[in-house]
Amino acid sequence: MSFIETRGNDGIRAKEVEFSDAILNPSSSFGGLYVPKEIPILGSEFITKHLNTSYKELAYDILKAFKIDIDDDTINEALNLYDHFDDKSNPSPVVKIKDDLFVNEQYHGPTRAFKDMALQPFGSILSAIAKRRGEEYLILAATSGDTGPAALNTFKNKEGIKVVCLYPDGGTSDVQRLQMVTENGKNLKVIGINGNFDDAQNALKNLLASQSFKDELQKDGIKLSAANSVNFGRIIFQIVYHFQSYLELLRQNEITLGEKIYINVPSGNFGNVLGAYYAQKMGLPIEKMLVASNENNILTQWLTLGIYDIRGKELKLTKSPAMDILKSSNIERVIYDICGAFRTKELMDSLNEKGYFEHTSAELEVLKQHFSATFSDDSYGLKTIKSFVDNGYLMDPHTATCIKAYDTLKTKNLKTVIYSTAEWTKFSPTVLNALNEDEVNYSDEVALKEIASKLDLEIPTSINELFNSEVLHDKIIDIENLENEIISFL
Ligand SMILES: *Cc1c(COP(=O)(O)O)cnc(C)c1O
């Protein structure tokens with residue numbers, strides 16, 4: 001199946017590309033994104049068939065439905081990475097926490113956050129096709145905490161790929177920083193930046209625009225790719241686990257085939273919930289996607305008022321930092337699907353030039369058929385963590401944002417699956433604040449131990465080991481030295 005561009009074609013690039021091209025070179029005409037030309041429809045036979053198959057078989061069939069130009073050996077090798085999750089037959093288990101409320105736990109992979117669900121197999125496929133083409137790619141990533149560790153983990157020592165990962169010094173949790181600076185791989189470079197996440201991201205943008213940097217890459221025969229969720233190679237793996245949620249509810253006799261469910265996702269760059277949108281279009285019986293945000297409530301405004309307005313808005317730093325975002329990239333794929341390329345370009349140009357866009361009421365109507373949205377603040381999140389722990393379920397601050405959506409957005413009496421995007425171990429100081437109802441500034445190490453002993457939990461070895469591992473990347477630099485630092489690494 002071919003892939004086309006959300007903002008139309010500029011007459012220079014190919015009008016349609018294959019999957020492998022779309023993931024190696026994810027930037028498309030006019031700054032748009034690649035999307036599948038058609039979305040395959042999978043009927044109820046598909047669901048029935050997969051009641052008795054493994055997660056890997058489910059993933060395989062969904063990838064095949066998109067007719068991607070990747071051979072079976074490469075696909076299978078990628079999917080075998082799910083064997084390294086806690087339960088290899090079930091990488092994202094679905095757990096009941098209330099009568100009509102379930103959690104899809106997406107954090108059972110190597111870096112304990114949901115980014116592994118897609119980045120693990122994606123990294124394997126990207127490297128395989130770069131290698132086959134005899135090409136060398138550079139992936140530049142700026143991270144606020146979860147993408148960095150997951151990208152480094154998946155690409156370490158992979159042929160054909162080099163990764164440079166920037167993080168804001170002091171802007172991540174201890175665990176997140178240690179996951180990056182202790183990661184071993186000759187093709188990896190991790191750099192701390194004096195500045196915040198926005199500074200790190202802007203530094204990357206400037207670098208990508210720098211002619212001397214481009215010349216240097218060309219001289220070394222290195223091409224640029226991307227591993228953030230603008231890459232459809234990540235989105236395709238994020239469709240699979242929404243099918244898994246539905247299958248699990250069927251297997252647990254909680255629903256009957258065809259019964260609709262709510263999917264409730266803590267959202268930032270809109271990749272996770274976009275996977276659910278595609279699953280719904282493919283025929284999965286989803287009543288609606290409930291989109292949860294934190295105080296950076298730009299997505300709530302978009303989905304309730306049909307206005308996307310970042311004028312004069314400042315990013316707030318919250319206790320759910322992976323959702324701190326103003327410009328959410330993947331909404332563009334939904335807009336394309338509903339409004340077409342011409343209108344998408346118009347709206348995105350308006351956002352870039354004027355800082356806002358506004359849907360027609362007809363467009364908003366369609367959006368509202370698929371999505372409802374709300375947001376909650378940190379104090380609501382802390383109280384939610386506390387009240388659920390008192391009833392026997394521990395969740396992280398990102399997952400907790402879903403509860404407001406569950407409590408207020410449902411209009412029908414249907415089962416709801418919320419998505420748990422991080423393990424408590426990644427945000428333990430906040431979780432301990434919630435449990436102790438205090439505002440003490442705990443270190444990760446102290447908080448991990450205290451929570452583990454309070455709730456009689458085990459800290460995963462991969463997290464415990466971090467505190468005794470050698471720091472391999474100790475560079476903290478000023479942004480003006482970034483280009484030289486990267487070139488000397490290359
Ligand atoms: C990345 C991330 C999110 C946001 O996911 P999107 O796909 O960007 O919407 C939410 N929670 C955690 C813990 C994350 O790492």
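Overview of the structure. This one's a predicted model, so the numbers in the text were calculated from it and none came from an experiment.

With respect to the environment of R7
Next up, step 1: Structurally, the position occupied by R7 is in the loop between strand 1 (3-5) and helix 1 (19-24).
Next up, step 2: If sequence neighbours within four positions are ignored, R7 has contacts with S29, F30, G31, G32, E332, A341, K345, M348 and N352.
Next up, step 3: Within polar-contact distance, the side chain of R7 engages the side chain of E332 at 2.8 Å.

A word on the site of the ligand
Next up, step 1: In the vicinity of the ligand, 15 residues are found, and the nearest of them are K115, D146, G268, N269 and T421.
Next up, step 2: Interatomic distance of 2.6 Å between a side-chain N/O atom of K115 and an oxygen atom of the ligand.
Next up, step 3: Protein chains bury 96% of the 390 Å² of accessible surface belonging to the ligand in isolation.
Next up, step 4: For the shell around the ligand, the per-class residue count stands at six nonpolar, seven polar and two charged.

Focus on the layout of surface pockets
Next up, step 1: Taken as a whole, the second largest pocket spans an internal volume of roughly 1,000 Å³.
Next up, step 2: In this structure, the second largest pocket is lined by 37 residues; those nearest its centre are L317, T318, K319, P321 and T430.
Next up, step 3: When residues of the lining of the second largest pocket are traced back to their parent elements, those giving at least two are helix 7 (174-181), helix 8 (197-209), helix 15 (378-390) and helix 17 (428-436).
Next up, step 4: In the lining of the second largest pocket, the residues fall into eleven nonpolar, 13 polar and 13 charged.

As for the pattern of salt bridges
Next up, step 1: Going through the model one piece at a time under the given rule, you end up with 30 salt bridges.
Next up, step 2: A salt bridge links D83 to K56; the shortest N-O distance between them is 2.9 Å. Of this pair, D83 sits in the loop between helix 4 (72-79) and strand 3 (94-98) while K56 sits in helix 3 (residues 55-65), and the two are 27 residues apart along the sequence.
Next up, step 3: Taking the relative accessible area as the measure of exposure, D83 reaches 28% and is therefore partly exposed.
Next up, step 4: The partner of R112 in a salt bridge is D86, and the shortest N-O contact between them spans 2.9 Å. Residue R112 is located in the loop between strand 4 (101-105) and helix 5 (115-132), and its partner D86 is located in the loop between helix 4 and strand 3; the two are separated by 26 residues in the primary sequence.

Notes on unusual backbone geometry
Next up, step 1: The phi dihedral of F30 falls on the positive side, at around 60°, and the residue is not glycine.
Next up, step 2: Mapped onto the elements, F30 comes out in the loop between helix 1 and strand 2 (34-36).
Next up, step 3: Unlike most non-glycine residues, N253 shows phi in positive territory, near 55°.
Next up, step 4: In this fold, N253 is placed in the loop between helix 10 (232-251) and strand 9 (261-266).

Rules used throughout
- Residues numbered from 1 in each chain as written.
- Predicted model: local features only at pLDDT ≥ 70, side-chain atom pairs only at ≥ 80, totals over all residues.
- Heavy atoms only, no water.
- Helix = DSSP H or I, 4+ residues; strand = E, 2+ residues; numbered from the N terminus.
- Contact = heavy atoms within 4.5 Å.
- Polar contact = N/O pair within 3.5 Å; in protein donor to acceptor, adjacent residues only side chain to side chain.
- Near = heavy atom within 4 Å.
- Areas by Shrake-Rupley, 256 points an atom, 1.4 Å probe, with all protein chains shown as cover.
- Nonpolar A, V, L, I, M, F, W, Y, C, P; charged D, E, K, R; others polar.
- 1 Å grid on protein atoms, 1.4 Å probe; cavity = no way out; pocket = protein on both sides within 12 Å on 5 of 7 lines; lining within 4 Å.
- Points joined across faces, edges and corners; volume = space filled by probe spheres on them.
- Salt bridge = Lys/Arg side-chain N within 4 Å of Asp/Glu carboxyl O.
- Buried < 20%, exposed > 50% of the residue type's maximum accessible area, 1.4 Å probe, protein only.

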